[in-house]
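Here is what each chain is made of, one letter per residue.
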Amino acid sequence: MATAPVVLRASGRVAVRQAVSRASAYLFLGASLVGVFVLFLLAYETISTGAGRLSWDFISNYPSRFAERAGLRSSAIGSIWVLGLTVVMSLPIAIGTAIWIEEFAPQNKFLTIVKLNLANLAGVPSIIYGVLGLAVFSRFFGFGSTIMAGGFTVSLMILPMTVIASQEAIRQVPSSIRDGALALGASQWQTVWYHVLPGAAPGIITGIILAVSRAAGETAALIMIGAFTFIAFDNTSPNEDFTTIPIQIYNWTIRPQEAFRQNAAAAIIVLMVAVLSLNLLAAVIRERFRRS
Amino acid sequence: MSVVSEPLHTGNVHGALRRRPFSRWNETVIKALLAACATISLVTTFAIIFVLGEESVAFFREVSLPDFFLKTRWRPLAGNPSFGIWELVAGTVNVVIWSLVIAVPIGLASAIYLSEYAQKRTRNILKPLLEALAGVPTVVYAYFALNFVTLDILRPALGNDVPIFNALAASVMLAVMILPTIASISEDAMSSVPRDLREAAYGLGATKLEVAIRVVLPAALSGVIASILLAVARVVGETMIVAIAAGSTPNLTLWPLSTIQTMTGFMLQVGLGDAARGTVDYQSLFAVGSVLFVITLLFNIAATWFVGRFREVYV
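Residues numbered from 1 in each chain as written. Chains lettered and ligands numbered in written order. Predicted model: local features only at pLDDT ≥ 70, side-chain atom pairs only at ≥ 80, totals over all residues. Heavy atoms only, no water.

Participant: Which residues make up the packing of aromatic side chains, and what values do they have?
Facilitator: This model, assessed by the stated rule, comprises 25 aromatic pairs over all chains. Pairing Phe28(A) with Tyr117(B) gives two aromatic rings, centres 5.3 Å apart and planes at 55°, and the pair type is tilted. One end of the pair, Phe28(A), is in helix α1 (residues 12-50); the other, Tyr117(B), is in helix α4 (residues 86-117), on a second chain. With respect to class, Phe28(A) is no different from Tyr117(B); both count as buried. Seen in terms of ring centroids, Phe59(B) and Phe83(B) are 5.4 Å apart; in terms of plane orientation they differ by 85°. Their pairing is edge-to-face. On the criterion of sequence distance, the pair formed by Phe59(B) in helix α2 (residues 24-62) and Phe83(B) in strand β2 (residues 82-83) is long-range, its members being 24 residues apart. (Phe/Tyr/Trp six-rings, centres within 6.5 Å; stacked < 30°, edge-to-face > 60°. Helix = DSSP H or I, 4+ residues; strand = E, 2+ residues; numbered from the N terminus. Buried < 20%, exposed > 50% of the residue type's maximum accessible area, 1.4 Å probe, protein only.)

This is how it looks when you write it as structure tokens:
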């Protein structure tokens, strides 16, 4: 029995409501493209302003009163020192804290407080860490405005991020692996050291790299401990004063001359390439180990 | 081939156990070390509170509490200095309001699109691009607030009497900074609203827009509120954008086109100068820092509470 196809088409108010609903899709799409548009606009603006200044001289010159001769040498070296020190200092503490929380901690009030405290520390503004660094590391421990003071300050700042990332990585290791190791007579620590940590390593490393990429752009906390200085030498020890690329960008941005504005844009390109490379590295590590 | 089962030499097993690299005594030490690592985060919190508290107490010996909390003029370097925090708080509130006015509608619309409208493939492209905005260092946003927003947009559009340092330019870039926070967390909340609710609404004849606005949005409200509270905490604590683009003139106004100074902007200003220890100037840094710390803490705690409430209902 053949029937004619029935076409349902709304009329009147229902038709209007449906039309409005269809149109809203474009409105919402447009809104979500705003962020993407801004991202590309910023990239375009930076490259068109700063690309002309990029050269080997720009990377290898010390800062200068003359915009054309100024470069990123000392700030790049300072950034690498601070970030290196940060990784060395925060890695063991972050992993240790995460292992303790996930594998060893007794389930009591103290654990709850530690976890709650970490969550709150993650929301503390970076300038407060700068004030902490100024009072504790620069003044109380007498590190002054050195790389050491910067490294300690940034380490504390990224600690909540790295701990939370390490915790998640440790939780991803299936409990069957722990049970297997324990059943074969391994002690609790042997289980963690030989089985849990190797399994969690890619996740932990990814988390640390992302935290370092965040730290690479940190400006306010390091200005607070006195890293807004003129450095015209290569840092060779953590006991020296330093400056970093974001601080150099700040320095060039607040000057009125157009030439320094171009320097700032060029430095932003260098910083963004570094930050994006770190993010890419993290993504590659994550993908690589997800498959195996 | 026959299988012969060998008797177990318990002595060997014993030997192997003895040779294991970590003895029981070592394990106790390791455990203690791990617990020590975990206490570092607690020590950090205590150190923050102690440092802020100690210098604030010294500050309030010089400046009375009512002067700080009731006066409205912030002129720390004037010949006759005045330490009324309200001008700095107004600066912070100014950029919070205007950045939210920009970021909340765009962020929520993005969240609705990603959660309710987008195909999976579109979503997988759009979401990482939006979240990339969260990874941009804020000093980069600060550069754009000053050079791009003020000089290339606000002045051509509104005339040259727009001050070079103004709250609106900072608010625009702060809005870009918090856009991924609002969009991403709100989207997570909307995505975890159960399908049944949507289907019931469709069954009653609702259109897609009506489902999104009148069913999903209210159902995800606590997640949406949490995202906005987190965004406020980030704006309140952000330093570089406001220090570079909004100016360093304390001003009791919420008008977006005025030169202002926020709490963080003042703190950075003190950090840039070399305020000597023991001076009221140096101590005011910690007093303002205490207020900033308490405000961000309250917003973060409120956000956590709302997230918890949301999880309780649906997840």
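Participant: Give me the lowdown on the interface of chain A and chain B, citing residues and values where you can.
Facilitator: Of the residues lining the interface, 75 residues belong to chain A; the matching set on chain B comes to 77 residues. At the boundary of chain A with chain B, total buried surface from both sides reaches about 6,500 Å², with 76% on carbon and sulfur atoms. Its largest share of buried area at the contact with chain B, chain A owes to Phe28(A), Arg139(A) and Trp189(A), together 10% of the area lost on that side. Our count for the chain A to chain B interface comes out at one salt bridge. A salt bridge links Glu210(B) to Arg17(A), with the nearest nitrogen and oxygen atoms 2.7 Å apart. Viewed at the interface, chain B and chain A are joined by 13 residue pairs in polar contact (both at pLDDT 80 or more). Looking at the side of chain A that touches chain B, its residues break down into 51 nonpolar, 19 polar and five charged. (Contact = heavy atoms within 4.5 Å. Buried area = accessible area lost by both parts, 1.4 Å probe. Salt bridge = Lys/Arg side-chain N within 4 Å of Asp/Glu carboxyl O. Polar contact = N/O pair within 3.5 Å; in protein donor to acceptor, adjacent residues only side chain to side chain. Nonpolar A, V, L, I, M, F, W, Y, C, P; charged D, E, K, R; others polar.)

Participant: So, the packing of α1(A) against α4(B): which residues are in play, and what are the values?
Facilitator: Helices that pack against each other are described as a pair by the angle of their axes relative to one another and the distance between those axes. Between α1(A) and α4(B), the shortest axis-to-axis distance is 8 Å and the interhelical angle comes to 120°. On the basis of the axis angle, α1(A) is oblique to α4(B). Note on packing geometry: the crossing formed by α1(A) with α4(B) is left-handed. Residue-level contacts link Ser21(A), Ser24(A), Ala25(A), Phe28(A), Leu29(A), Ala31(A), Ser32(A) and Val34(A) of α1(A) to Ile106(B), Ala109(B), Ser110(B), Ile112(B), Tyr113(B) and Tyr117(B) of α4(B). Tallied by class, the residues present in the contact of α1(A) with α4(B) amount to 10 nonpolar, four polar and no charged. (Axes fitted to C-alpha atoms, helices over the stretch in contact; angles between N-to-C directions. Parallel < 35°, antiparallel > 145°, perpendicular 65-115°, else oblique. Left-handed = near helix turned anticlockwise from the far one by under 90°.)

Participant: How would you summarise the domain arrangement of chain B if you had to cite specific residues and measurements?
Facilitator: Residues and elements named next belong to chain B. Each assigned domain of chain B is listed here: domain 1 (10-62) and domain 2 (86-314). Just the C-alpha atoms count here: the centres of domain 1 and domain 2 sit 36 Å apart. The partner domain 2 presents 10 residues to the nine residues of domain 1 that form the contact. When the two sides are added together, the surface that domain 1 and domain 2 hide from each other amounts to roughly 870 Å², 73% of it contributed by carbon and sulfur. Of all residues in domain 1, the largest losses of buried area upon contact with domain 2 belong to Leu52, Glu55 and Phe59, amounting jointly to 60% of the total for that side. Taken together, the links from domain 1 to domain 2 amount to one salt bridge. Its salt-bridge partner being Glu55, residue Arg277 comes within 3.4 Å of it at the nearest N-O pair. At the junction of domain 1 and domain 2, the tally comes to three residue pairs in polar contact (both at pLDDT 80 or more). (Domains from an automatic or database assignment.)

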